[in-house]
Amino acid sequence: MVLLHVLFEHAVGYALLALKEVEEISLLLPQVEECVLNLGKFHNIVRLVAFCPFSSSQVALENANAVSEGVVHEDLRLLLETHLPSKKKKVLLGVGDPKIGAAIQEELGYNCQTGGVIAEILRGVRLHFHNLVKGLTDLSACKAQLGLGHSYSRAKVKFNVNRVDNMIIQSISLLDQLDKDINTFSMRVREWYGYHFPELVKIINDNATYCRLAQFIGNRRELNEEKLEKLEELTMDAAKAKAILDASRSSMGMDISAIDLINIESFSSRVVSLSEYRQSLHTYLRSKMSQVAPSLSALIGEAVGARLIAHAGSLTNLAKYPASTVQILGAEKALFRALKTRGNTPKYGLIFHSTFIGRAAAKNKGRISRYLANKCSIASRIDCFSEVPTSVFGEKLREQVEERLSFYETGEIPRKNLDVMKEAMVQAEEAAAEITRKLEKQEKKRLKKEKKRLAAIALASSENSSTPEECEETGQRPKKKKKQKPQEAPQENGMEDPSVSKPKKKKSFSKEELVISDLEETAGSGSLTKRKKSFPKEEPDSDPEESGNKRVPKKKRKFSSKEEPLSSGPEEAAASKSSSSKKKKKLRKLSQEN
């Protein structure tokens, strides 16, 4: 009896299922086919042994990559070693992917089987998986599959941003369209301005230069000797500038209004800006070709190489083409017309625009085109699959094409391909080492900048966190003083005018001490206290006017003993002086009476 287990990989985790024991696995096929769509019957055949969920989406992505590459992940190893029987000979494990099955059999020693009944069982498990696992719903399983699918696709599309050939395809297409548009617009400017100055067309052939001159000259009657230097700058030729000046004096053109000249000048400025943009776009294309396909651009030129990539669809497609296809790439109409009419097939397509075919003799054009297509195919493959882009191979291949051209003309035997490629390999290794060294330096600089930036952020955050703590400390100090010493808190709050408050406090306290000392001299301490207590009651009987005046200082005395430190203004200081003088007079009267 063979015990069959089935391994099922899902977006939420691994599932290990067991089937009922049978003598031959093939006997299960008709039963499984009958009960795949019926959940109740399917449960009679298949039961869930173990389920190992993924802890996060990153772990799910790692396991998916491992399964696709045929590698046994640690999570899968742990699941199989834990839940499969120890006797490996009696266990048969069914898997969906032959690569992962071979890896499990090699590393863990379990016999694995794919196809046949295993495929049908996995189809049923995939259909009823959310019912087999507790707590898993169909909606959550679909969401997990969708998320893992997106992350798996993003991880598989690994490319260098600097080596994207889509930009080359768009830029060469735009460059061709700009060439057509600039030619059309320049012809329109020539016809329009030719009514006024027809002789300028014969003198200036370049379209961009003609538009600049039309914008600069304007009305030909205003052209004089003072503008001759500017004409020389625009035409880059003193003879042409002089010819333009002479032609403007004896021109056969018609007069033109100011509004027409304004429109011609504005349209000429647009054409000039388009031509300048075309130059900048060509520079951009050269830089992108040096990054994406340096060998192909060194061999055949940036423009022709970019057209080959654009016609093929991508650099990878061009690398897959044989040399015979690269040779006639761009001449498909002529090829199919020749096949239909049984005529001669074309010898070259887009590579005809390279300089090599134009330099070859008529009888050697086909031979050199085949040789050039062969080298272009090699260069495109090197650019597509090399890790470090370098133009060494393209330069060596260009030298080989030059030698073949000289061989066709003079009969000089070229070098062998093996020797040339050995030299290229040595130089390519040196260039790759230099490039990697530069990249490492750039990476170190970037890391240093990142460390400095993080340190600055940490310092700023620490300063920001320390300032509120200090503010809290400063805010808590006066509260503590208020609780411990309630009479000293107003003093601290009243310290805003230290020049006024401090000396006045000393003066008031010194006067009180003097009063007390005078009283002690005149009478005893016991009688003095009694008189102080009885003094406010005796005052109203003696003099009612004085009693009104005496009540005020009494209140002021209480106020001054408790809240006098709050006085900080000059009015309060004067009040304290008057109250102290009155006290002295009263005390003297009391002493005399005694």
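Residues numbered from 1 in each chain as written. Predicted model: local features only at pLDDT ≥ 70, side-chain atom pairs only at ≥ 80, totals over all residues. Heavy atoms only, no water.

Student: Any chance you could break down the overall build of the protein for me, citing the residues and the numbers?
Tutor: Scanning the protein for helices and strands turns up 27 helices and five strands. When each of the 594 residues of the protein is scored for burial, the buried share is 34%. The long-range fraction of contacts in the protein, counting pairs at least 24 apart against all pairs at least 6 apart in sequence, stands at 65%. Carbon and sulfur atoms make up 54% of the accessible area of the protein, which amounts to about 36800 Å² in all. (Helix = DSSP H or I, 4+ residues; strand = E, 2+ residues; numbered from the N terminus. Buried < 20%, exposed > 50% of the residue type's maximum accessible area, 1.4 Å probe, protein only. Contact = heavy atoms within 4.5 Å. Areas by Shrake-Rupley, 256 points an atom, 1.4 Å probe, with all protein chains shown as cover.)

Student: Break down the pattern of salt bridges for me, citing the residues and quoting the values.
Tutor: Side-chain pairing between opposite charges can occur once the charged atoms of the two side chains come close. Counted under the stated rule, the structure contains 19 salt bridges. Within this structure, Lys396, Glu399, Glu403, Arg415 and Glu423 form a network of salt bridges that share partners. (Salt bridge = Lys/Arg side-chain N within 4 Å of Asp/Glu carboxyl O.)

Student: Tell me about a positive patch on the surface, residues and numbers included.
Tutor: A grouping of Lys438, Lys441, Lys444, Lys445, Lys448, Lys449, Lys451 and Lys452 is seen on the molecular surface, where their side chains present a positively charged patch. Tracing the backbone through its elements, the reader meets lysine 449 in helix H22 (residues 417–484). (Patch = residues over 30% accessible without salt bridge, like charges linked within 9 Å, V, L, I, M, F, W, Y side chains within 5 Å. Lys, Arg positive; Asp, Glu negative; His and termini not counted. Charge placed at Lys NZ, Arg CZ, Asp CG, Glu CD.)

Student: Summarise the packing of helix H13 (residues 258–292) against helix H15 (residues 302–312); cite the residues concerned and give the values.
Tutor: One way to put it is that H13 packs onto H15 with a least axis distance of 10 Å and a crossing angle of 70 degrees. The orientation of H13 relative to H15 falls into the category roughly perpendicular. In this structure, H13 meets H15 at a crossing whose hand is left-handed. Where H13 approaches H15, its residues Leu285, Arg286 and Met289 are matched on the opposing element by Glu302, Gly305, Ala306 and Ile309. (Axes fitted to C-alpha atoms, helices over the stretch in contact; angles between N-to-C directions. Parallel < 35°, antiparallel > 145°, perpendicular 65-115°, else oblique. Left-handed = near helix turned anticlockwise from the far one by under 90°.)

Student: How would you sum up the nonpolar core? Please name residues and give values.
Tutor: General note: in soluble globular proteins, nonpolar side chains tend to be found buried as a group. If you look at the biggest cluster of nonpolar residues, it comprises 39 residues, and the most contacted ones within it are Leu296, Leu299, Ile300, Ile309, Leu318 and Leu372. Secondary-structure elements contributing two or more residues to this core are helix H8 (166–194), H13, helix H14 (294–300), H15, helix H16 (315–320), helix H19 (355–359), helix H20 (365–385) and helix H21 (392–410). If you tally residues by element for this core, the top one is H20, at seven residues. Apart from the residues within four sequence positions on either side, leucine 296 is in contact with Gly301, Gly305, Ile309, Leu318, Cys376, Ala379 and Asp383. In terms of nonpolar packing, the next biggest core, distinct from the first, is built from 25 residues, Ala11, Ala50, Val72 and Leu80 among them. (Core = buried A, V, L, I, M, F, W, Y, C linked by side-chain atoms within 4.5 Å.)

Student: Describe the packing of aromatic side chains, listing the residues and the values that go with them.
Tutor: How two aromatic rings sit relative to each other is set out by the distance from centre to centre and by the angle between their planes. A full pass over the atoms with the stated rule returns eight aromatic pairs. Ring geometry for tyrosine 348 against phenylalanine 352: centres 5.0 Å apart, planes inclined by 25 degrees, an arrangement best described as stacked. Assessed through its relative accessible area of 24%, tyrosine 348 is described here as partly exposed. Taking 6.0 Å as the distance between ring centres and 45 degrees as the angle between the ring planes, the aromatic pair formed by phenylalanine 407 and tyrosine 408 counts as tilted. Exposure remark for phenylalanine 407: the relative accessible area of 31% places this residue in the partly exposed category. (Phe/Tyr/Trp six-rings, centres within 6.5 Å; stacked < 30°, edge-to-face > 60°.)

Student: So, the confidence of the model for the protein: which residues are in play, and what are the values?
Tutor: Residue-level pLDDT values for the protein average 79, and 77% of them are 70 or greater. Predicted confidence for residues 471–512 stays below pLDDT 50, and this span has 25 contacts to residues more than four positions away or in other chains. Considering only residues more than four positions removed or in separate chains, one finds that residues 522–569, a stretch of pLDDT under 50, has 37 contacts. (pLDDT = per-residue confidence, 0-100.)

Student: Help me get a handle on the UniProt feature "coiled-coil region" (unreviewed entry) in the protein, residues and values and all.
Tutor: The sites that carry the UniProt feature "coiled-coil region" (unreviewed entry) are, in the present numbering, residues 418–457. Summarising residues 418–457: 100% helix, 0% strand, and an end-to-end C-alpha distance of 57 Å. (UniProt positions renumbered as here; feature names shortened; annotations may be inferred.)

Student: Can you explain the side chain of threonine 209? Please cite residues and give values.
Tutor: Relative to the helices and strands, threonine 209 resides in helix H10 (residues 207–217). The exposure class assigned to threonine 209 is buried, which follows from its relative accessible area of 15%. The residues contacting threonine 209, other than those within four sequence positions of it, are Ile204, Leu234 and Thr235.

Student: Describe a nonpolar patch on the surface, naming the residues involved and giving the relevant values.
Tutor: A contiguous nonpolar patch, built from Trp192, Tyr195 and Met254 and spanning about 340 Å² of accessible area, is present on the exposed surface. With respect to the helices, strands and loops of the structure, methionine 254 is situated in the loop between helix H12 (238–249) and H13. Residue methionine 254 is classed as partly exposed on the basis of its relative accessible area of 49%.

Student: Any chance you could break down the pairing of strand S2 (residues 13–19) for me, citing the residues and the numbers?
Tutor: Summarising burial for S2: seven of the seven residues are buried, a large majority. Where strand S1 (residues 3–9) and S2 come together, five bridges link them in antiparallel fashion. Directly across from histidine 5, in S2, lies its bridge partner alanine 18. Counting the residues in the hairpin turn of S1 and S2 gives three residues. Both S2 and strand S3 (residues 46–53) contribute to a ladder of seven bridges, which runs antiparallel. Across the sheet, residue tyrosine 14 finds its bridge partner in S3, namely cysteine 52. (Pairing = 2+ DSSP bridges.)

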